[in-house]
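# Secondary and tertiary structure notes
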Amino acid sequence: MSRFWRPGSERPQPSSLSVLEDDEPGFLPFSTLASNSSYGYGGLERHRQRLPVFKYRTAILYLLETHATTIIVGETGSGKTTQIPQYLKEAGWADGGRVVVCTQPRRLAVQTVASRVAEEMDVKLGEEVGYTIRFEDLTKSAVTRIKFLTDGVLLREMMDDPLLSKYSVVMVDEAHERSLSTDMLLGLLKKIQRRRPELRLIISSATIEAKSIAAFFNQSKKKLPASRDFGPSREPAILSVEGRGYDVQIHFLEEPVSNYLQAAVSTVLDIHNQEPMGDVLVFLTGQDDIDAAVQMLTDEAQNLAAHRSGLLVLPLYAGLSRAEQELVFSPTPRGKRKVVIATNIAETSLTLEGMVYVVDSGFSKQRFYNPITDIESLVVAPISKASARQRAGRAGRVRPGKCFRLYTEEYFESEMPLEGIPEMQRSNLVSCVIQLKALGIDNILGFDWLASPSPEGMIRALEVLYSLGILDEDSKLTSPTGFQVAEMPLDPMLSRMIISGSQFGCSEEMIIIAAFLSLQSIWVIGRGTQKELDEAKQGFAVAEGDHITYLNVYKGFLLSGKSSQWCHKNLINYQAMKKVLEIREQLHKLVQRLGLVLKSCGQDTQVVRKAITSGFFAHACRLESSSHGGMYKTIRTSQEVYIHPSSVLFRVTPKWVVYHSLVSTDCQYMRNVIAVDSSWFTELAPHFFQI
DNA sequence: GAGCACTGC
């Protein structure tokens, strides 16, 4: 532990953090949903009044009355998410058929918070208090007064009701996360505000982001129609609410380390040897790192076990099965110290109870998008101060904790960025652009963004949408194709593929394929050897490619009677297959509603591949050399790419292929590939393949 | 012959 500098009283302590209680969207995903009825008679009301936010009830209601926008800066644990919607209802904001609505970035949070609020109000979930997420609408339009939903669902709702006229107050929670949909939502809400002066916005954010959000919503200097002397102030109010939690002591490294993996492992061992009992949460970047660290610590733990209490080392990342993830939430056995080694999933999506020590590597994997090459890649990159703070806070939930940062204080102070780059500035923007177009926003470049995306990114998105026939020369949605694509909850290239499918008589096949491609992977990870998995996959494989292979999997699954045993036997993830059925079902209804022809082409795989090509012609590649492990070049940019070894076409190397996506590692790998005929390119997209 | 941070519609 000597390598860490302990901030003393003579130097300013960087942070002392407070963290969340069980009232926030706390995300103990597998247990809390059904089991939080531990309050006696009258206990719930007392519990509500003890929350830090309760002191601010009057202030919040006053600010809401007098300001169009109120920004609540809240440490987690303040109770803002569950309480503010109730205060609003109690104060009459949900009277007269109006509805108070609150958004969350994640589905699980929506469900957890809604059921908690329903319990506190002693009403049945789905009546006065309801929620909406994809595939699940637990609201009753005439009855529901408080409604929770994901911000993505609210964006979709705007397509039918652009001014969100049902809602009196929109509360955007966790706005500091700056997800793509939150940023879009905030931009659109600002627009709506100008048309609906009576609408109130509450935006909840962590400290750092609050200022830029406040500046964004400040409309006091703008000229507004004759409302100068009445109505709410156009200048946002900011209110800080303290959280509830324990102090976390921060330790930095005295010298930088080159190998954060090794440093993390030895820090855990130091903690184990020198610190009192208490569980440890380690933040690393990804599956590889985590598996390696788990292995190293497990080996060490075996050496230690002979003479002292042991370590229980567990990995946590999204790719693990539900059962494996659940292990992390089980109570630590007596006399053991639990060490959870996690990705960013433990920073935002899941909250682990009982952590006393946090080890922060200072890195995470982040997605970046290059609009010039049109390639997305995952890169290990330094985290922001905001993230570091969030990670540290995970140590103070049940008692005072400690956070060991595997970087120096100098680095933290002078080099670590204050906040992360908003997703808007590191993503492919096609979906974003088409949604704005569908909402009638024609001047996308002039849209009032919270963080402007790069002009290159915008131009690339417009080009792609134009080449797909979704936008016309005036950059307006085409009819009917553009409007149909906008209604589909998919990547526009997949939507385009489905529409072609309906023209070619294979829409049934297209929606199945689209459902498969919406998931990460349908194959079980971790069970059995790679060889077994390859053999299982080979049972469905066809020379036409991965998409057609998925159709075979789907047929097999249906023939088995949607059996989980069948999935198990074939090393297929049963949960993923259920998801495929759900998405297919949703798309099926949608395609019918849009008036597209629903038809199956039977065994004709050529027409299926043609329909796919009509959506993905921009991903066409030609085999350059079969000797160098099958090197391909993209037609559009002459990028060197290879078929991913997980593809059924890995050994086949057809002359012409179309891929669904690229993964960038040492080289560019094409994932989900079909073999095509080059004559289809000029037939299906002549404008794109002029030469 | 090798890989997948995390959400969401």
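All figures in this text were calculated on a predicted structure; none of them were measured in a lab. Numbering of residues starts from 1 in every chain and runs along the sequence as written. As a convention, the first chain written is A and the first ligand written is 1, with the rest following in written order. Confidence filtering applies because this is a predicted model: local features only for residues at pLDDT of at least 70, side-chain atom pairs given and counted only at 80 or more, and all residues used for totals across whole chains, interfaces and linings. For side-chain calculations, the full set of non-hydrogen atoms in the structure is used, while hydrogens and water are omitted.

Attention shifts here to the confidence of the model for chain A. Residue-level confidence of the predictor, termed pLDDT, takes values from 0 up to 100. Summarising the model, chain A shows a mean pLDDT of 87, and 90% of its residues fall at 70 or more. Counted against residues more than four places away or in other chains, residues 7-38, with its pLDDT under 50, gives 91 contacts. Every residue pair with non-hydrogen atoms within 4.5 Å of one another is taken to be in contact.

Once that is clear, we can look at the protein's contact with DNA strand B. Taken together, 30 residues are adjacent to DNA strand B, and Arg107, Arg134, Ala318, Lys365 and Thr665 come closest. Each residue is tested against the molecule or strand, and it is near if at least one of its non-hydrogen atoms lies within 4 Å. Sugar plus phosphate: this is where 60% of the atoms of DNA strand B within 4 Å of the protein reside. A 3.5 Å cut-off defines polar contacts: any pair of N or O atoms within that distance qualifies, except that in protein one atom must be a possible hydrogen donor and the other a possible acceptor, and neighbouring residues in sequence count only when both atoms are side-chain atoms. Between DNA strand B and lysine 365 there is a distance of 2.5 Å, counted from a phosphate oxygen to a side-chain nitrogen or oxygen. Measuring from a sugar or linking oxygen of DNA strand B, one finds a side-chain N or O atom of histidine 644 at 3.4 Å. Among the elements that line the surface near DNA strand B, the one with the most residues is helix H5 (residues 151-160), at three residues. Any residue that is not Ala, Val, Leu, Ile, Met, Phe, Trp, Tyr, Cys, Pro, Asp, Glu, Lys or Arg is counted as polar, Gly included; the first ten are nonpolar and the last four charged. Looking at side-chain class alone, the surface near DNA strand B contains 13 nonpolar, eight polar and nine charged residues. In this text, helices come from DSSP runs of H or I with a minimum length of four residues, and strands from runs of E with a minimum of two, each type numbered from the N-terminal end.

Among the nonpolar cores identified, the biggest contains 111 residues, and Val170, Ile498, Met510, Phe516, Val553 and Val608 are the most heavily contacted of them. Note that domain bounds follow an automatic or database assignment of domains. Residue assignment places this core across two domains, with domain 2 (43-241) and domain 3 (488-683) each supplying three or more. Setting aside anything within four residues of it in sequence, one finds methionine 510 in contact with Met497, Ile498, Gly501, Val608, Ala611 and Ile612. Within the second largest apolar cluster, 32 residues are counted, among which are Ile60, Leu88, Val117 and Ile133. Take the buried residues of types Ala, Val, Leu, Ile, Met, Phe, Trp, Tyr and Cys, join any two whose side-chain atoms come within 4.5 Å, and each joined set is a nonpolar core. When accessible area is computed with a 1.4 Å probe and restricted to protein chains, residues below 20% of their type maximum are described as buried, those above 50% as exposed, and intermediate ones as partly exposed.

Attention now goes to the environment of phenylalanine 329. Relative to the elements of secondary structure, phenylalanine 329 occurs in the loop between helix H10 (322-327) and strand E13 (337-342). On the basis of relative accessible area, phenylalanine 329 is assigned to the partly exposed category, the value being 22%. With 24 residues separating them along the chain, phenylalanine 329 and glutamate 353 place their C-alpha atoms 7.8 Å apart.

Right, let's talk about helix H8 (residues 260-274) for a bit. In a regular helix each residue adds 1.5 Å, so 15 residues correspond to 21 Å; H8 covers 20 Å between its end C-alpha atoms and thus fits that length. With eleven of 15 residues buried, H8 is to be regarded as a mostly interior element. Here a helix's expected span is defined as the number of its residues, less one, multiplied by 1.5 Å.

Time to look at the sheet that holds strand E9 (residues 237-241). Here, a strand pair is defined by DSSP locating no fewer than two bridges between the strands. Reading across from one edge, E5-E4-E6-E3-E7-E8-E2-E9 is the order of the eight strands in this open sheet, with mixed pairing throughout. Pairing within the sheet leaves two strands with one partner each, and these edge strands are strand E5 (136-138) and E9. Across the sheet, the mean angle from the axis of one strand to that of its neighbour is 20°, orientation sign disregarded. Note that strand E3 (residues 99-104) and strand E7 (residues 167-172) share five bridges and pair parallel. When the bridges of E7 are listed, valine 99 appears paired with tyrosine 167. For every element, the axis is a line fit to its C-alpha atoms; helices are fit only across the contacting stretch, and the angle between N-to-C directions ranges from 0 to 180 degrees.

Take the pattern of salt bridges next. Salt bridges are defined by distance alone: a side-chain nitrogen of Lys or Arg within 4 Å of a carboxyl oxygen of Asp or Glu. The tally for this structure, following the rule as stated, stands at 27 salt bridges. For the salt bridge of lysine 140 with glutamate 127, the shortest nitrogen-to-oxygen distance reads 2.7 Å. Placement of lysine 140 in the loop between E5 and strand E6 (146-150) and of glutamate 127 in the loop between helix H4 (107-121) and strand E4 (129-133) is noted, with a sequence separation of 13 residues between them. Residue class for glutamate 127 comes out partly exposed when judged on its relative accessible area of 23%. Among the charged side chains, a network of salt bridges with common partners joins Glu45, Arg48, Arg57, Glu90, Arg116 and Glu120.

When you line up the elements, alanine 91 lands in the loop between helix H3 (80-90) and E3. Sequence separation between alanine 91 and histidine 272 is 181 residues; the distance between their C-alpha atoms is 51 Å.

Moving on to the pairing of strand E8 (residues 200-205). Among the six residues in E8, six count as buried, and that is most of the element. With burial as the criterion, each face of E8 is covered, one bearing Arg200, Ile202 and Ser204 and the other bearing Leu201, Ile203 and Ser205. In the sheet, strand E2 (residues 69-74) pairs with E8 via five bridges, with the strands oriented parallel. Across the sheet, the residue bridging to isoleucine 72 is serine 204, located in E8.

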